[in-house]
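# Reading the structure
The primary structure of each chain is shown beneath.
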Amino acid sequence: MSTEPLRCAGALIVDDDGRIFIQRRSPDRRLFPNTWDIVGGHLEQGESLEDALRREVEEETGWTVSVVLGTVGEYAYTGDDGINRVETDFLVRVDGDLRRPRLEEGKHTEWRWITESEVTVLDEHRDVNDGLIRRIADDGFAALHLLGL
């Protein structure tokens, strides 16, 4: 078994109002069940970060990445399965109907757009690595400010 952490890519999808898209993971998910999360997932064998980012956005929302605005950060964590991961998150814009994401059936149960003042919702049902997803969102909103968006 490899001792290298799994690599992941995440998308902080931004709308015209400067809100970030989140979706609730299904209560049946092995990792972080019933929690709010950003779009993203593990890199497949031989896949680049940007390719994984684009694939995950398409798979989880039906949208396509139109612009990568920048890198938000790189985050190391251990999932509740005991596996170490390193996730690189990006601020992105997408093409598609932002009022009608196509959630991955069985993986996500609901979605919403949040403002900077609503990031506390990301703390719901978070027992492992408390604060990680909220810190990622805070960093995303800080990057939006730096970009003047």
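In the block above lies the structure referred to throughout.
In what follows, the accompanying structure is described. Note that the structure is predicted; figures quoted are calculated from it, not measured.

### Brief notes about the sheet that holds strand S5 (residues 64-78)
One open sheet accounts for four strands, arranged S4-S1-S6-S5; its pairing is mixed. Every other strand in the sheet has two partners, leaving strand S4 (39-42) and S5 as the edge strands with one partner each. Each strand of the sheet is rotated relative to its neighbour by a mean of 20°, with strand direction disregarded. The pairing of strand S1 (residues 6-13) with S4 spans four bridges and is classified as antiparallel. Within S4, the position partnered with Ala9 by the bridge is Gly41. Here helix H1 (residues 49-61) sits on the sheet and contacts S1, S4, S5 and strand S6 (84-95); the angle it forms with S1, its principal contact strand, is near 60°.

### Thoughts on the pairing of S5
Sheet topology places S5 next to S6; 12 bridges connect them, and they run antiparallel. Looking at the pairing, Gly70 lines up with Leu91 of S6. Between the end of S5 and the start of S6, which pair antiparallel, lie five residues, with Gly82 showing a positive phi angle near 85°.

### Comments concerning the side chain of Gln23
Inspection of the secondary structure puts Gln23 in strand S2 (residues 20-25). Within the structure, Gln23 has its side chain in polar contact with the side chain of Glu60 (distance 2.6 Å). For Gln23, the side chain forms a polar contact with the side chain of His108, separated by 3.4 Å. Filtering out sequence-adjacent residues up to four positions away, Gln23 remains in contact with Thr35, Trp36, Asp37, Ile38, Val39, Glu60, Leu103, His108, Glu110 and Trp111.

### Remarks on the sheet that holds S2
Hydrogen bonding along the main chain pairs the strands of a sheet, whether they run parallel or antiparallel. If you walk across this open sheet you meet the three strands as S3-S2-S7, and the pairing is antiparallel. This sheet does not close on itself; its edge strands, each paired only once, are strand S3 (36-37) and strand S7 (108-114). Relative to S3, S2 is paired through two bridges, and the arrangement is antiparallel. By the bridge assignment, Gln23 is partnered in S3 with Asp37. Against the sheet, helix H2 (residues 132-146) makes contact with S2, S3 and S7, and its axis sits at roughly 165° relative to S2, the strand it touches most.

### Overview of the nonpolar core
Leu12, Leu91, Ile114, Leu122 and Ile136 are the most contacted members of the largest nonpolar core, which totals 24 residues. For this core, the secondary structure elements donating two or more residues are S1, S2, S5 and H2. At seven residues, the largest contribution of residues to this core is made by H2. By size, the runner-up hydrophobic cluster in this structure holds 14 residues, among which are Phe21, Leu53, Val65 and Val92.

### Quick notes on the pattern of salt bridges
Tallied over the entire structure, the rule returns 20 salt bridges. With a closest N to O distance of 3.0 Å, Glu56 and Arg55 form a salt bridge. For Glu56, a relative accessible area of 7% corresponds to the buried category. The residue Asp97 makes a salt bridge to Arg99 at a minimum N-O spacing of 3.3 Å.

Rules used throughout
Residues numbered from 1 in each chain as written. Predicted model: local features only at pLDDT ≥ 70, side-chain atom pairs only at ≥ 80, totals over all residues. Heavy atoms only, no water. Pairing = 2+ DSSP bridges. Helix = DSSP H or I, 4+ residues; strand = E, 2+ residues; numbered from the N terminus. Axes fitted to C-alpha atoms, helices over the stretch in contact; angles between N-to-C directions. Contact = heavy atoms within 4.5 Å. Polar contact = N/O pair within 3.5 Å; in protein donor to acceptor, adjacent residues only side chain to side chain. Core = buried A, V, L, I, M, F, W, Y, C linked by side-chain atoms within 4.5 Å. Buried < 20%, exposed > 50% of the residue type's maximum accessible area, 1.4 Å probe, protein only. Salt bridge = Lys/Arg side-chain N within 4 Å of Asp/Glu carboxyl O.

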